Structures are given as C-alpha cells and as structure tokens.
2 protein chains.
Amino acid sequence: MEFADKIRIPKLNGVIMRGPHIAKSSNGTLVITGHHLIFSSRADDVELWILNRNIDIIERKLNSVTLKCKDFRIIVFDMPYIEQAASVAASIESLMLTDTEHFHHIVGNKVAVNECRSPFDVQSQCEKLIAGDKMWRISEVNKAYRVCSSYPELTVVPSNVDDAMLIASAKFRQNGRYPVLSYRHEKGSVLMRSSQPLVGPSSKRCKQDERVINSVLGPGKRGYIIDTRSIANAASAKARGGGFEMETHYPQWRRVNSALERHNVLLDSLSKLVEACNDTTCSIDRWLNKLNGSEWLSHVKDTLNAACLVAQCLNQEKASVLVHGSESTDATLVLISLTQLILNPECRTIVGFESLIEREWLQAGYPFETRHKSGCYNAARTKQSSSSSSKVFHHGSGATFLLFIDCTWQIHYQFPCCFQFSTNFLISIVDHAYCSDFGTFYGNCEADRKTNRYARPNLWSHFDQKKDEITNPLYLPNSNVLWPSVAPFSIELWREMYLRWSINQNHQKIYAKAIGDLMKHHQELKALAIKLRDEAQESSNKYI
Amino acid sequence: MEFADKIRIPKLNGVIMRGPHIAKSSNGTLVITGHHLIFSSRADDVELWILNRNIDIIERKLNSVTLKCKDFRIIVFDMPYIEQAASVAASIESLMLTDTEHFHHIVGNKVAVNECRSPFDVQSQCEKLIAGDKMWRISEVNKAYRVCSSYPELTVVPSNVDDAMLIASAKFRQNGRYPVLSYRHEKGSVLMRSSQPLVGPSSKRCKQDERVINSVLGPGKRGYIIDTRSIANAASAKARGGGFEMETHYPQWRRVNSALERHNVLLDSLSKLVEACNDTTCSIDRWLNKLNGSEWLSHVKDTLNAACLVAQCLNQEKASVLVHGSESTDATLVLISLTQLILNPECRTIVGFESLIEREWLQAGYPFETRHKSGCYNAARTKQSSSSSSKVFHHGSGATFLLFIDCTWQIHYQFPCCFQFSTNFLISIVDHAYCSDFGTFYGNCEADRKTNRYARPNLWSHFDQKKDEITNPLYLPNSNVLWPSVAPFSIELWREMYLRWSINQNHQKIYAKAIGDLMKHHQELKALAIKLRDEAQESSNKYI
C-alpha cells in the first residue's frame, strides 16, 4: 500500500477538536486513513468523518492543525506535541494531493456494477429530447470523442445537417464544441449551446457552421444568440482568435450580450461571502457591508435575470436561442440549465433535476475535477499571496456549479410547492460535486468518466435509497412557467448552505422534518383507514 | 350624521386603482364612508376595503390621489377630473382626523357585551402572577387611577410594603410609575419594572422607594437594575430632575446600562426601511446599503441582546431584575416582555402571548393611541419638512411595539416549532395595533379603555374564532429557555411584514397553508380511523 508511506501518524490519542463552528470542544482520538480523517471521542459521544478530499487547506501553528474544508467547515485539532502536529499536517497534506484516479483504484472494487451505472445513458436522453421530432437527429460524429473531447459520443443536431458539416463547424468552434440541441420548447422554439466561433481578427467565416446554425430556423423565423460575455470581452476574444457570429452570415439571428462573471471571479466572490459568514461577532453594519462587498447576491441576481431573458425569448417571443460565451463550459451551462428549470416542469422533479445535471453539466463537459480542485479558502489564500490582487485564476478553480444550485434554490425558495425535491437535495448535490465517494462527478468530462465511472458507485442510485430525506413533502406539481422575482430583496442568502456551520439551525431542521413525518404518518393512516373500511365492508357482507 | 359633512363625494365611478404594489390596475367605483374607503371593480373582480384610520398620509397630484397606509401599502386612485380628486382628497383628509372616540360612538352599539369583554381581567392576571407566593400581594392603591394614571387599578407589589410606601415611592418616580412585579422566575428571582427615580441634580433620595425595592431581595441576595438608557443619557436625565438609583441607597442592586433607542428614532429607522422595501428596481448593492442604513436590523439585534442579558440575570445568576428607562413606556416594556418570551414557555402559546400583551403593553400603559397616530410615511414627511434633521419627535409617534413583535418573530423564526401561533398572528396583531375595528388597542392606557372598551368588540375573542388562521400546525411545546442567536446573520429581515406588498409571496402562503391543511386532514382522518376501528370491534362483538 502506497498510502502507508504518506501517513506518518495513523492514530493519535489525546487530540482536542475545537473550532469556530464547534460549540463544545472534545478530547479524543484522531485516525488518518487513505480516504478519511476520523475523530472520535467516546467521552463526548462524538464521531466525525471527513473525506480527505474535502480538505481545502491545512494550516499549522505550534501544536494546532486547522482544516478548512470545501464545505466551508473549519476544524481545529490540538495535538499533545508540536512534532505530532507537524507529522499530522504533513500526512494530511500529502493525502490531499493524491489524485482521484489513485483513490478510485483503491475503493473501486467494493462496488457492484449495477450500482455504478448511471440511470441516464446518453442514448436514451437524446431520444427523449428528440421525442420523434423529425427536425432533429442523433449524431455519432463524436464517436471515441474524436471531434470534441468535452462532449459525449452522441449529440442531438439538426436533421438536415450531415456529420461532415458538424466536423467543419467543430473546427470553427473553440475546443470543437459545435452547436447542439439542449431543449425543445413549445411550438418549435429550441435552446442550443456551443462555444464561440473562431472568427478572429480577420473575421473568418465557416459556411458549414452557418449552415448548422441557420438551418435551425424556418423561413421568416428569428432567433437570438445570447453571448454570456460583455460586448468588450467578446470583442477582445475576437482579437485573440475567438469572437462572435457576424450578423451578415447569420442573418436571422440577433446577437444579445448578457454578461455573466467568470468562474474564478465567482470563486473570489464566494471566498468573501464565506469569510463574512465565519465572522460571528461582527456588527450588523459590518455583516451587511461584507455581504454586499462579496457581490455573491449580485451574481445570483444577474444570473437569474439572464436566465429569465433566455426563457422569455423562448416562451414569449417563440424564438429559438443559441447560448455561448468563449469556451462555454461555465456561464453558458448555468443559463442553459436555469432556463429549463424555469420553463420545463419536468426539471423540477427529482429524476428530472438529476437528468438536467447529467445532460447540461456532466455530459456538457463542465470540468468538475478542475473547478472543484480547490475551494474558497484556497482561493482566498492564493489571492492573498499573489501580487496581482484581482486576476488570480486559482488554476482553473471556480464556483459556477454552486452558483447554478444557488439560483435553483432561489427559485425553490420563491415557489416552495413546485419542486419534488427538498433543499437538502441541493445541499447534498453540491457537497458531492466537491468531494464524494461516488463516481458521478469524477473527472472533467464524459470521456474521463467513460473508463472510470463504473469503478465507483453512482450518486443518483444513492439518492434513490434516500427518497425520504430529499423529497419535498408538500410538492404539488405545477406545469406553469415559474418566473422568479429578481427584485433586489427577492434574492436571499442561502442560509442553509453558507451559514450551516455558523448558526445552529437544528430547530429549523426539526421543523422541516416534522412536515415530512406528518406527511408520512398521514399516508400510513390513510392506508389503514382504507383497510379498515374494506374490512368492515367485507365483514358486513359476510353476515348478510 | 356628522360624517356626511366631511364626505364631499360619497361615490365616484370611473376611478382607476393602481400603484407600486398593485400588479394590474383596475377601473371601478370608489365609495367613501365614515370608516372605510371601498374600491370595487366588477370587471376586474376586485374589492378593497381600507380603514380610514389605516391611512397614514394622502398626497394629491392633478387628478391622482395617493394613499400611503400605516400597514406600508401604497395605493393610487386616478379620478376622471382634477376637481373630483381634490374633493376626494379633502374628504379623506378630514375623515383621517376624526378622533377615535367619535368613531367608536358610531360603530359601538352594534356589538354584544360579551364580545367586548377582554378575557384577561386585571384581578385574575394578578392572582395568576402571584400564584400563592406569600412574598407578593395585590395592591388597590391605584384605585380610580389616583396614584399612576398609566397603570391599572390593581398591581402586584411586595407583601411587606404597605400602600403608603407605594404612594411615596410613586411620588419619587416619573409619572407615578412605582415598581411593580412582572414575572416570577424559578427559585424566587423576579422581574420588575418602574419608571426612573426623580433623583435630580441634587441627588434626592426616598426612603420608602428604597424600602419597596430593597425588600424584594432577601438577605445576601443581589439584584440588577437594567437601565435602558446609555450612561450619558441617564446622567443628563438626572440633570433634568430624573436619574437613577444611587448605589449607596440600594446596596444589594447593581446598575447596568443597556442602551436602547427611543421610540421616535425607531420610527425614523422604520421609515428608512420601508422606503428601501418600496424601491423594487434598485441594485442589490443599493438595497443592502439602504437596508443597512435604516439600522432597523441593528435595533432588533440590540434589543434581543438586551433581553438575553436580562434573561441571563434571572436564569443563570438567579438574580432579580428591575428594568426602567425614563418614563419606561417603551424600551422597558420591550425588554420586560421579550425576557418572558425567552424564559416562560407559556408566553409562546396563543393565550399566553395575548396575556403578555395585555399585561406588559396594554395594562403597563404603552400609549398606543399616541405612538400609532402616525406611521412611517408621516414620520418621513415630517422629518423632510423639518429643519432639524435628526431630532424630530413626530408628536410622540413611535415603532416600539412593532420592534417587540419583530423580535418575537426573530425568536419564532429561530425556533419554529416552539410557538403555538403562526407568524400570521403576529402580523395581524401589528395591523390591529395600528388601526382596528376592535377596542383592544384603544386609547393610551387602561384608564382610557375602562370607560370605552366595552363599546367595541375585543380582538382576542376575534382570534378565538380564527384559530385555524393563527395556529402553528407544527407546534411542539418546549419547556426550555429559548436563547436566540444574536450573531449578525441570525437577524433576518421579516419579509412577510415589510415586503408583503413589494413581493408576491403567494407561493410561500400556499406552502404555509398546505401544512395547515395537511394537519387538519390528518386529524380528521385519525378520528375516522378510530371510528372505523371501534365500529369493527362492535360489529365483531355483535356476531360472536
């Protein structure tokens, strides 16, 4: 076992666990394994398991080791001696750097194959999306990921476009991300995504790409290309070889810029938010200033606003929409998925939301591995130690997926009966997206998972067994479009997420659980009443 | 009818109702009566009744009349002609000024006597408070309100203090508000309130007052006098003839200053908050700045903090507490009642909370009439038109009672299962405290209501008939002390209250109603199941 070398102290007694998020410190034993840190104290009835990969940064001061986790929690361990603290810190540090492939290799073989398979295979998702519409077809042009490494092998494209055209279009699009179908709304208006066209400073064109995109609109119809960059950013991308569709070559499409922030900017914003949420003793004035200064709520508002814009194009104007930014693996995916959440009631069910994440994040190539390699504490530290204060890229880290889940929560908050899932489901998804025993969020794209996912169990199957915990007991299916309010005071801080360690929310959890228990008890009672009635009926029949 | 003279236009057709809080304007008929404005539109299926006394200010511009209400709502009526608008505005303005006595006289005789009587008579409340404790007695010294006009006729005082001493103590206390018992906590620690002693610049003393207060503490016991003013304010009150207890004369008591804001400062703060809540189009940045600038949440936090301090003295230190400020009709009452809410589970029931308001606000002489004569819009206007910008007193208006209900809501929010009532109950109480068909909040003190209350129905009886709407379906009695978190992010804006007109909260209301309906249905089903089981039992017995 290679792990053995990394773990200098596998077990240490007399460790005190404390921290800003821990009401009462406890004295117990710390165990370091290849996957988890385990702290247990029999005297205080405490047992805590932390996935090594949940640890964002580790700090040592004398005999204290502070862990700052990707789920925002901060834990301090005080060791009896300084040398022990140094060894523990070094062990954890080296385990944190162990790559996931390694990790999967070790835990992998415990899992049955049927637990590993995702219930959402690409073929059936594509078929469901087309639903017999002759306008669209499933293309195998990306077989073996030859055309676009971040796409799945099967994609849905216009029927009147052949694979050769797609290959040409892919060459004209950053990282080969040619235009594909995401969602078919009523009356033929559709939602598509791609990456930016490689127009460049000399304003190159690609007739095949034009054909792919223009063929989507019928004669006389108009569409919108929503660019997730500002006009200035799109222009500077053009100067660097990227760019945007020139209107002369895509005459039926109108370009609209709806600028959203980049993944690293979001992570900086999240760092500031979490820093504010950890400052439990400040005044209201300072708290509101910090909350405001983090700009997180503004990013949420801007994102919801942009999604409403896309949804309006599709629903009110009955126009088709193509969304892209540059690489289109961040802001584009948020817009594409939020729009569907607003328009399509199916996305508000448990399976529908899981499927949405599969299609528009996992299969669409959101680089989970890279974006979630470091969390907000690491980002804050990197920024501090860097000389240029505003443009640190945290090596590709980002918080776009969390932003999407937060926006989902906002809509859930505004329409609490319209979702089959509870907000626990959303928290759990975020946690698993950052670090997980499951293979679902493994790697950066479908190709990464293709070879490896079957070695680790599937998160969605896990949720199937936890229905009680993730179901909204008061779900009342609503087939309407849900237009979220984007008034400033409609945007709420997601306390269950960001303040879960800072505030004791037990009483709120008891309340939420009471609703679930009541519903469960009610259904049992209903079944009992029916049984009693039937028995009474039967017994009266017997004696007549 | 004298009202007839004031109403220049009793009925007007072709009026358009619109406003920042109204999603869709409607065309209909405006009717002005002595008590209400009624707007109805058959075409748009709208019928709106507004109590004249709910109108805080009225503004006319050409043919438009804008009403800004004490419940924060803003409504605009467009009349066909300017002259009509002028007449309507003049009619409403003169009706707004009609005093309540007048009003009561006209609607009074419709009501049966048993609906008018408060279920909380002073005698039985006093007996309940004493509960056989020989340390305390009911004094009739205030018969006919001779000693203190803002107290009820019966008060609970130490047994070993006679009425002559109380009279002397009352002369030494502002407005005769001598020390009385509010709450008996476990193990003999008690909570009392009074007004400031009239110590004055020459440091006068009153031996009878010392006797009244010192007799509360047994030998060797210590107590706290919590002064709701800052040290500087208490000192300046002393210079003006008021002051605080000199420690040499009250040797067992320790004075602590826990400064809370004055009623008019709170109203200014509320004005700013409501102004922010009405600005639906601003950015998140501006919204958070305005929210912060209003300082409302800081006042809430400070108040909860102070109440926790009082509760800690009683519960942790087992010490008795006397609370006062200057007149002690505002901040003192908030502290006294919040402390009980924290410590005493009975106050968290519907009847217990009603009783708390009766004892500590109505019978304690909170001047509802004066404080609620004008609302936050009037305060904002008065302040604008006044030259001195920070010290306008709005003729005695204030928002202390709302602050108390907001603090109650904060605890309810943090402990949602621990209250028998829902937050609707709190909203309804606030609304009735500002303007109401009921006599409960009439006048400024018990003496005012003594002669008049039986002419108007009682709010608490009304709530008895609305149990469904005000009950928390998930109430789980909790006999513990509830310590609210006062971390900055634990203090929430009460959206249901301040944003009720600015945001459509229908979906949240549907959710809350679904919980109530589920519980009701569940109880019916339970009864049915029991009946079925009993019938089955009976029928099987019959045939054996």
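Right above here is the structure, for reference.
Residues numbered from 1 in each chain as written. Chains lettered and ligands numbered in written order. Predicted model: local features only at pLDDT ≥ 70, side-chain atom pairs only at ≥ 80, totals over all residues. Heavy atoms only, no water.

Participant: What is the right way to read empty space enclosed by the protein from this model?
Facilitator: What the rule picks out here adds up to 9 cavities of 30 Å³ or more. When its volume is computed, the largest cavity comes out at roughly 280 Å³. Looking at the largest cavity, it is lined by 23 residues, and the ones nearest its centre are A:Leu291, A:Glu492, B:Leu288, B:Leu291 and B:Glu492. For the lining of the largest cavity, the secondary-structure elements that each account for two or more residues are helix H10 (284-294) of chain A together with helix H10 (284-294) of chain B. Classifying every residue of the lining of the largest cavity gives 19 nonpolar, no polar and 4 charged. (1 Å grid on protein atoms, 1.4 Å probe; cavity = no way out; pocket = protein on both sides within 12 Å on 5 of 7 lines; lining within 4 Å. Points joined across faces, edges and corners; volume = space filled by probe spheres on them. Helix = DSSP H or I, 4+ residues; strand = E, 2+ residues; numbered from the N terminus. Nonpolar A, V, L, I, M, F, W, Y, C, P; charged D, E, K, R; others polar.)

Participant: Got a minute to help me understand the sheet that holds strand E4 (residues 46-51) of chain A in this structure?
Facilitator: Where strands meet in a sheet, backbone hydrogen bonds hold them as pairs that are either parallel or antiparallel. Residue and element names in this part refer to chain A. With respect to topology, 7 strands assemble into an open sheet ordered E4-E3-E2-E1-E7-E6-E5, the strand pairing being antiparallel. Lying at the two open borders of the sheet, with one neighbouring strand each, are E4 and strand E5 (55-61). Adjacent strand axes in the sheet meet at a mean angle of 30 degrees, parallel and antiparallel pairs treated alike. Of the strand pairs in this sheet, strand E1 (residues 11-18) and strand E7 (residues 74-78) are connected by 3 bridges, and their pairing is antiparallel. Bridging from a neighbouring strand, Arg18 pairs with Val76 of E7. Across the face of the sheet, helix H2 (residues 82-96) comes into contact with E1, strand E2 (26-32), strand E3 (36-41), E5 and strand E6 (64-69) while running at roughly 160 degrees to E5. Running at roughly 60 degrees to E5, helix H15 (residues 376-385) makes contact with E5, E6 and E7 of the sheet. (Pairing = 2+ DSSP bridges. Axes fitted to C-alpha atoms, helices over the stretch in contact; angles between N-to-C directions. Contact = heavy atoms within 4.5 Å.)

Participant: Could you clarify how one ought to interpret the interface of chain B and chain A in this entry?
Facilitator: Quite often, the size of an interface is put as the accessible area lost when its parts meet. The interface is formed by 52 residues belonging to chain B together with 52 residues belonging to chain A. For the chain B and chain A pair, buried surface summed over both sides reaches about 4,800 Å², with 72% attributable to carbon and sulfur atoms. Applying the counting criterion to the chain B and chain A interface returns 2 salt bridges. Note that A:Arg495 is salt-bridged to B:Glu492, the shortest N-O span being 2.6 Å. For the side of chain B that touches chain A, the elements supplying multiple residues, two or more each, are helix H9 (263-278), H10, helix H11 (296-315), helix H16 (400-414) and helix H22 (506-542) of chain B. The biggest single contributor to the side of chain B that touches chain A is H22(B), with 16 residues. Grouping the constituent residues of the side of chain B that touches chain A by class yields 30 nonpolar, 15 polar and 7 charged. (Buried area = accessible area lost by both parts, 1.4 Å probe. Salt bridge = Lys/Arg side-chain N within 4 Å of Asp/Glu carboxyl O.)

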